[in-house]
There are 2 protein chains.
Amino acid sequence: MEKLKDYVSVQDEDHFYHQGAVELLIFNFLLILTILTIWLFKNHRFRFLHETGGAMLYGLVMGLIIRYVTKSPDVESGTVYECEKLKSGPSTLLINITNQVYEYQYKREISHHNVNGHQGNTMLQKMTFDPSIFFNILLPPIIFHAGYSLKKRHFFRNLGSILTYAFLGTAISCIVIGLIMYGFVKAMVHIGQLKQWEFHFTDCLFFGSLMSATDPVTVLAIFHELNVDTDLYTLLFGESVLNDAVAIVLTHSISIYSPKENPNAFDAAAFFQSVGNFLGIFAGSFAMGSSYAVVTALISFMHLTKFTKLCEFPMLETGLFFLLSWSAFLSAEAAGLTGIVAVLFCGVTQAHYTYNNLSADSKMRTKQLFEFMNFLAENVIFCYMGLALFTFQNHIFNPLFIFGALVAVFVARASNIYPLSFLLNLGRKQKIPRTFQHMMMFSGLRGAIAFALAIRDTDSQPKQMMFTTALLVVFFTVWVCGGGTTAMLTWLQIRSVLVGVDPDEDLKARAASQSAPNLDKNTTKAESAWLFRIWYGFDHKYLKPLLTHAGPPLTSTLPEWCNPVARILTSPRAYGDQLKDGDTVYIINNDELTENYESSAHIAVPAQDSTASTQATGKEDIQEGDLGLGGYKLQIQHAAGQPQKNSLA
Amino acid sequence: MEKLKDYVSVQDEDHFYHQGAVELLIFNFLLILTILTIWLFKNHRFRFLHETGGAMLYGLVMGLIIRYVTKSPDVESGTVYECEKLKSGPSTLLINITNQVYEYQYKREISHHNVNGHQGNTMLQKMTFDPSIFFNILLPPIIFHAGYSLKKRHFFRNLGSILTYAFLGTAISCIVIGLIMYGFVKAMVHIGQLKQWEFHFTDCLFFGSLMSATDPVTVLAIFHELNVDTDLYTLLFGESVLNDAVAIVLTHSISIYSPKENPNAFDAAAFFQSVGNFLGIFAGSFAMGSSYAVVTALISFMHLTKFTKLCEFPMLETGLFFLLSWSAFLSAEAAGLTGIVAVLFCGVTQAHYTYNNLSADSKMRTKQLFEFMNFLAENVIFCYMGLALFTFQNHIFNPLFIFGALVAVFVARASNIYPLSFLLNLGRKQKIPRTFQHMMMFSGLRGAIAFALAIRDTDSQPKQMMFTTALLVVFFTVWVCGGGTTAMLTWLQIRSVLVGVDPDEDLKARAASQSAPNLDKNTTKAESAWLFRIWYGFDHKYLKPLLTHAGPPLTSTLPEWCNPVARILTSPRAYGDQLKDGDTVYIINNDELTENYESSAHIAVPAQDSTASTQATGKEDIQEGDLGLGGYKLQIQHAAGQPQKNSLA
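Within an unreviewed UniProt entry, the label attached to chain A reads Sodium/hydrogen exchanger, and the organism entered is Passerina amoena. Recorded in UniProt for chain A, the comment headed Sequence similarities (unreviewed entry) runs: "Belongs to the monovalent cation:proton antiporter 1 (CPA1) transporter (TC 2.A.36) family."

Along its length, chain A carries 27 helices and 3 strands. Residue burial in chain A is summarised as follows: out of 649 residues, 60% are buried. A separation threshold of at least 6 residues defines the contact pool for chain A, and within that pool the share at least 24 residues apart is 82%.

Turning our eyes to something else, we now look at the pattern of salt bridges. When the charged atoms of two side chains with opposite charge come close together, those side chains can pair. Residues and elements named next belong to chain A. Applying the stated criterion to the full structure yields 8 salt bridges over all chains. Among the salt bridges present, the one from Glu239 reaches Arg413, with a minimum N-O distance of 3.1 Å. Of this pair, Glu239 sits in helix α10 (residues 230-256) while Arg413 sits in helix α15 (residues 399-427); the two residues are 174 residues apart in sequence, bridging distant segments of the chain. Exposure remark for Arg413: the relative accessible area of 3% places this residue in the buried category.

Among the nonpolar cores identified, the biggest contains 295 residues, and A:Phe223, B:Phe134 and B:Phe223 are the most heavily contacted of them. Not counting the four nearest positions on each side in its chain, A:Phe223 is found in contact with A:Val228, A:Leu232, A:Tyr233, A:Leu236, A:Met439, A:Ser443, A:Thr485 and A:Leu489. Ranked by size, the runner-up nonpolar core spans 8 residues in total, among them A:Leu93, A:Ile95, A:Tyr104 and B:Tyr102.

Here helix α3 (residues 51-69) of chain A is 19 residues long and its end C-alpha atoms lie 26 Å apart, about the 27 Å a rise of 1.5 Å per residue gives. Burial in α3(A) covers these residues: A:Glu51, A:Thr52, A:Gly53, A:Gly54, A:Ala55, A:Met56, A:Gly59, A:Leu60, A:Met62, A:Gly63, A:Ile66 and A:Arg67.

Further remarks concern the packing of helix α16 (residues 434-442) of chain A against helix α19 (residues 485-492) of chain A. Residues and elements named next belong to chain A. In contact at an axis separation of 10 Å, α16 and α19 are set at 165° when each is read in the N-to-C sense. On the basis of their axis angle, the class for α16 and α19 is roughly antiparallel. Seen from above, α16 lies across α19 with right-handed handedness. For the pair formed by α16 and α19, the contact residues are Thr435, His438, Met439 and Phe442 on the first element and Thr485, Met488, Leu489 and Leu492 on the second.

Residue and element names in this part refer to chain A. Residues other than glycine seldom take positive phi values, yet Gln493 does so here, at roughly 55°. Relative to the helices and strands, Gln493 is located in the loop between α19 and α20 (506-515). A residue is classified by how much of its surface remains accessible, and Gln493, at 57% relative accessible area, is exposed.

With that settled, the discussion passes to the packing of helix α12 (residues 314-334) of chain B against helix α14 (residues 360-391) of chain B. Residue and element names in this part refer to chain B. Between α12 and α14, the least distance of the axes is 9 Å, while the angle of their chain directions is 45°. If you check the angle between α12 and α14, you find them oblique. Between α12 and α14 lies a crossing of right-handed hand. On α14, the residues touching Pro314, Met315, Glu317, Thr318, Phe321 and Phe322 of α12 are Asp361, Ser362, Arg365, Thr366, Leu369, Phe370 and Met373. Partitioning the contact of α12 with α14 into residue classes produces 7 nonpolar, 3 polar and 3 charged.

This brings us to a nonpolar patch on the surface. Residue and element names in this part refer to chain A. A surface patch of nonpolar side chains, about 340 Å² in accessible area, is lined by Leu57, Val61, Ile65 and Val69. Residue position: Val69 is located in helix α3. Among the residues examined, Val69 registers a relative accessible area of 63% and is labelled exposed.

This part takes up the side chain of B:Asn158. For B:Asn158, the position within the fold is in the loop between α6 (152-157) and α7 (159-190). Apart from the residues lying within four places of it in its own chain, the contact partners of B:Asn158 are B:Asp231, B:Thr234, B:Leu235 and B:Arg428.

Overall, the coordinates contain 51 aromatic pairs over all chains when judged by the stated rule. Look at A:Phe282 and A:Phe345: their rings are 6.3 Å apart centre to centre, the planes differ by 70°, and that puts the pair in the edge-to-face class. In this pair, A:Phe282 is assigned in helix α11 (residues 268-301) and A:Phe345 in helix α13 (residues 339-357), connecting sequence segments 63 residues apart. A residue is classified by how much of its surface remains accessible, and A:Phe282, at 11% relative accessible area, is buried. Given a relative accessible area of 14%, A:Phe345 falls into the buried group. Where B:Phe144 meets B:Phe370, the ring centres are 4.5 Å apart and the plane angle is 50°; that geometry is what we call tilted. Here B:Phe144 is found in helix α5 (residues 131-148), whereas its partner B:Phe370 is found in helix α14, with 226 residues between them in sequence. No difference in accessibility class separates B:Phe144 from B:Phe370, as the two residues are buried. What links up through ring pairs into an aromatic cluster is the set A:Phe27, A:Phe134, A:Tyr384, A:Phe392, A:Phe451 and A:Phe467. Sitting above the plane of the B:Phe135 ring, B:Arg456 keeps its charged end 3.7 Å from the centroid.

So, on to the environment of A:Phe155. Residues and elements named next belong to chain A. Along the chain, the position of Phe155 falls in helix α6 (residues 152-157). A sequence separation of 50 residues divides Phe155 from Leu205, and the C-alpha atoms of the two residues are 30 Å apart. With residues up to four places along the chain from it excluded, the contact list for Phe155 reads Leu150, Ile162, Thr234, Gly238 and Leu242.

The next point concerns the confidence of the model for chain A. Residue and element names in this part refer to chain A. Confidence in the prediction for chain A averages 73 pLDDT; 66% of positions are at 70 or higher. Counting interchain partners and residues more than four positions distant, the pLDDT-below-50 stretch residues 502-527 has 41 contacts. Contacts of residues 576-649 to residues separated by more than four positions or lying in other chains number 124 contacts, the stretch itself having pLDDT below 50.

Residue and element names in this part refer to chain B. Looking at the element boundaries, Met488 is found in helix α19 (residues 485-492). Relative accessible area serves as the criterion here: at 17%, Met488 is assigned to the buried category. Along the chain, Met488 and Thr435 lie 53 residues apart, while their C-alpha atoms are 9.9 Å from each other. For Met488, the residues in contact, after removing those within four places along its chain, are Met439 and Phe442.

Right, let's talk about the side chain of B:Thr37 for a bit. Residues and elements named next belong to chain B. Here Thr37 lies in helix α2 (residues 21-44). Owing to a relative accessible area of 12%, Thr37 belongs among the buried residues under this scheme. Within polar-contact distance, the side chain of Thr37 engages the side chain of Tyr58 at 2.7 Å.

This part is about the environment of A:Ile534. Residue and element names in this part refer to chain A. Relative to the elements of secondary structure, Ile534 occurs in helix α21 (residues 529-547). Relative accessible area serves as the criterion here: at 59%, Ile534 is assigned to the exposed category. C-alpha of Ile534 to C-alpha of Pro140: the two residues are 394 residues apart in sequence and 31 Å apart in space.

What counts, and at which threshold
Residues numbered from 1 in each chain as written. Chains lettered and ligands numbered in written order. Predicted model: local features only at pLDDT ≥ 70, side-chain atom pairs only at ≥ 80, totals over all residues. Heavy atoms only, no water. UniProt positions renumbered as here; feature names shortened; annotations may be inferred. Helix = DSSP H or I, 4+ residues; strand = E, 2+ residues; numbered from the N terminus. Buried < 20%, exposed > 50% of the residue type's maximum accessible area, 1.4 Å probe, protein only. Contact = heavy atoms within 4.5 Å. Salt bridge = Lys/Arg side-chain N within 4 Å of Asp/Glu carboxyl O. Core = buried A, V, L, I, M, F, W, Y, C linked by side-chain atoms within 4.5 Å. Expected span 1.5 Å × (residues − 1). Axes fitted to C-alpha atoms, helices over the stretch in contact; angles between N-to-C directions. Parallel < 35°, antiparallel > 145°, perpendicular 65-115°, else oblique. Left-handed = near helix turned anticlockwise from the far one by under 90°. Nonpolar A, V, L, I, M, F, W, Y, C, P; charged D, E, K, R; others polar. Patch = residues over 30% accessible without salt bridge, like charges linked within 9 Å, V, L, I, M, F, W, Y side chains within 5 Å. Areas by Shrake-Rupley, 256 points an atom, 1.4 Å probe, with all protein chains shown as cover. Phe/Tyr/Trp six-rings, centres within 6.5 Å; stacked < 30°, edge-to-face > 60°. Lys NZ or Arg CZ within 6 Å of the ring centre and 35° of its normal. pLDDT = per-residue confidence, 0-100. Polar contact = N/O pair within 3.5 Å; in protein donor to acceptor, adjacent residues only side chain to side chain.

Take a look at the structure:
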């Protein structure tokens, strides 16, 4: 009794007053270092090591220090106890030690060869935070921000190609990686490195699906800084955003896939069930995300007579917007769907409807809030990836498996991009040039999503091996491919600040390039025209008037017998105020979209005027829609300009 | 082996895809409900149940539902295992169950009578989050925001009184509660409810110190809404902000206090060591917080020739500001000091220096970011307090102890406010009226800090009893005192919208009240004049020029032989740009401060003009400095106005 009391009280005094503070301080320190580095890089236009790569490097060094400098304070570390009466591992273990009951919480299964002195090191343990924090807290802001800043016009112009790369491409990538890894696993079993029963084909496919999530944050940030060709940017951005969603749902479906008898044999029923699962989860998540956004739009739009409108309380409005968007993610997760897909489409829908209903103040607040959260979350994840190499305690390094994964990742990317580009070029009026294809091939970086999917489950040994391998692939691609982006752009002669565009005379150069014989950029829109036209008409006539203050009043778009209902549902502002400043902005935006669309549908030969207008607006879109850190200067202007614009209204 | 595998995999399938999502969703749901309620309350001017009380109520109902509706999924719940070989409770337990090693994490000690069916309920467990989350994540934004929005002028005017209430008052409160509780504990031992060795006098003092932290968030929000007298507001705000810091350091010192032999006897050496600890920790935390703020000011002020200034990247600037302020908290905690004190003074210093160096965009970003975080954190804490009554699994309800605590809290508040007010009134030129004293007595609500201090340590049974009691006291004071604020204001006839001030003719009423014989408000400043004058001169001449762009250049304030150093340290803007718009604003602010101060020092009889100016500016200050949710409308104007002001510069 006495000994125990002593023991616990020593622990208490040590840890009572700084539980968790040291660990958080380490992250803060790494982030501060990263921010200062970004500042330094911005000043020196240094592009060989990007900030994400830098964050990872700092994390790595810090992990090394933590592992080998801090010593384990726990005397009992590495000792394994036996408990005869215990037949299974309950999630909460109540244990009676010398007449006092203690509560213990289940953490994980540990492979015997990892039971060593480091195992009990509380410092290492605390640095390894719960994977659910990744999924529930760090990823949602990143994905939401991607959706919220996605500009629909450019996205829709290349919709066909983006969907092909994202759905078909990811499936191809998953299967190719799965097959190659299965070959390596067979070889490993043959030379005795692995036991047969440890690694099934479904495990290989699982690894394939998680390794198929590309994360070109680094590449896109550089693209933005270098003013790289708009179409290439849009293709990569669109592909990577959707591809994450597809890869996550794919991983989920594969982990559910459970053939009845022999796990290595092909079970058609289980396969089709998985495909069904995939479609069901994707559609369900999409519906969940959009409906949360529609609810937000409706609340922010409410114009009950007795109530002050919510937009008069910008903090409440921002809070509600933030909480409902996050709830979209959490509800989808809680319902067994995929939160990432839900929050992505929630972001897109919020940007399309709710954003228009917000007060000027809230527009700025939400934009800056999500931008800031995205920035922090991204850098935390990259720092953490660096840290994890040394602080995670159940790594299983297998050189053959790692080599196999690197080969598989590149082969899979090649068999995704080149064949699909060939097929797409058959249908596209504006072909995807070879140089773009090479660049897309090269930009297949693995990042946050692959890491998060791998760390989600590290209970069993095959999963631990996959996690270690995924982490190393992330390191390799971020440092090698990320670092080589600038060199590759120069080598491939892709239009950017480096090649053909003078940073100071960017606009002049653009004007010049238009007078030269140019690719007919606009005609690409035709490929998604029919779907887009139907959707756009429906949205403009019914949804926008119902959910926002913009668009024509419902009374004019709905058939006459709907008039009583339409009158209730239409905002009073939609009638009389239609010509006021605030609304005209939306209407102009819409008309601009229509004009652009129509001009491109009718004019097959590129007319100088329409090209000029699309390029100018296109560039603007991308500056607003960038994922990374490039848009600071624009943000200042934007933030300063917004209230002034509104003060005129 | 097979049984175990089955067991774990069932758990996996259940929890793998929504780890933590449901719990977060519940919090999101409660917060959304709270926001909608606030909106409703704002529309109906409903003041009997404040939003914090509402949040607590929602939490309570949700806790009830979770406890009695969800059933325990853990088959093994409530079973206590024996382990003969285990002699102490290690923080990490490696346990070998049927040939597989599992890792368990130490959670807490459990009293035998709490071992029941609910114990293993994972849902309840997950809703009870780690107390370190409170301290490291939820409290810092609240306290920082209090410091950041503290307006120095009004604070310094009443500095003497505020310091007296905060330091002396909290000490009195702590000792009175401690003594009364010791009496109750003795009585409980007498009637056999408690064993002698369980509760020492130091435990009673510990309870006294944690119950001395007042949290008038609710009261101040109502005060703001009702335009309550400025001096009363400042006294309460100042007292509560500093009193939290004092109570926390006191709790820390008492928990360190360990007399050598008999824990009930008075040990002078240990007592003085505790006093020394108190002073050391307070001073150390103050230094830590201020120095982080100074570092931030210096970084944001840096004007190296080759470098772009940080303020050209608002996101990096905001990020650095946020991370360094948080690091002040975490460093203090990691160094064994008190993070709350550090982050409070960090906030005050940041507002004084760094804020002036920020770009217009960052000024707004940081303000909105901290406001938003404060809002969320506050509501999460109040929801959580409601939840904790039913979800926390180790409550020990002892009616006598709870009754004792309620009595002690009110007696202690009375013996803090009335005697100290009497003493202060001896020295103050403008007396603190009886009505103000009654209102301050009534506003002694217990809230977030008391709760956080109590939940920090619930390992032993006395601590669990203290936690339960503290929670109930918080409920009682927030609902009864918080709900009765409006009634009390009316009853005491304190000047507010309810009494004497017409909301629509507020300014007219103010002008009218000035022509009537009025209390000489300004003369109160004289009491802190000598300290304030020295500090102000030093700050204006040396610190402001060194750390910001404002103030006279150092070359003119430092002695001549310092000129070379002074020239390097002074911002180039301080020389030539002194007359430009941006700087003039600061200079005007400073001069305004000086003028106010001088006018009050010289004029003993209230002159109509100076009173008018102080009242007008004073009101503005408080609207900017409020803790709660009242300032929405002002925020809109402020946010919209700021960029315009700057666009003129």
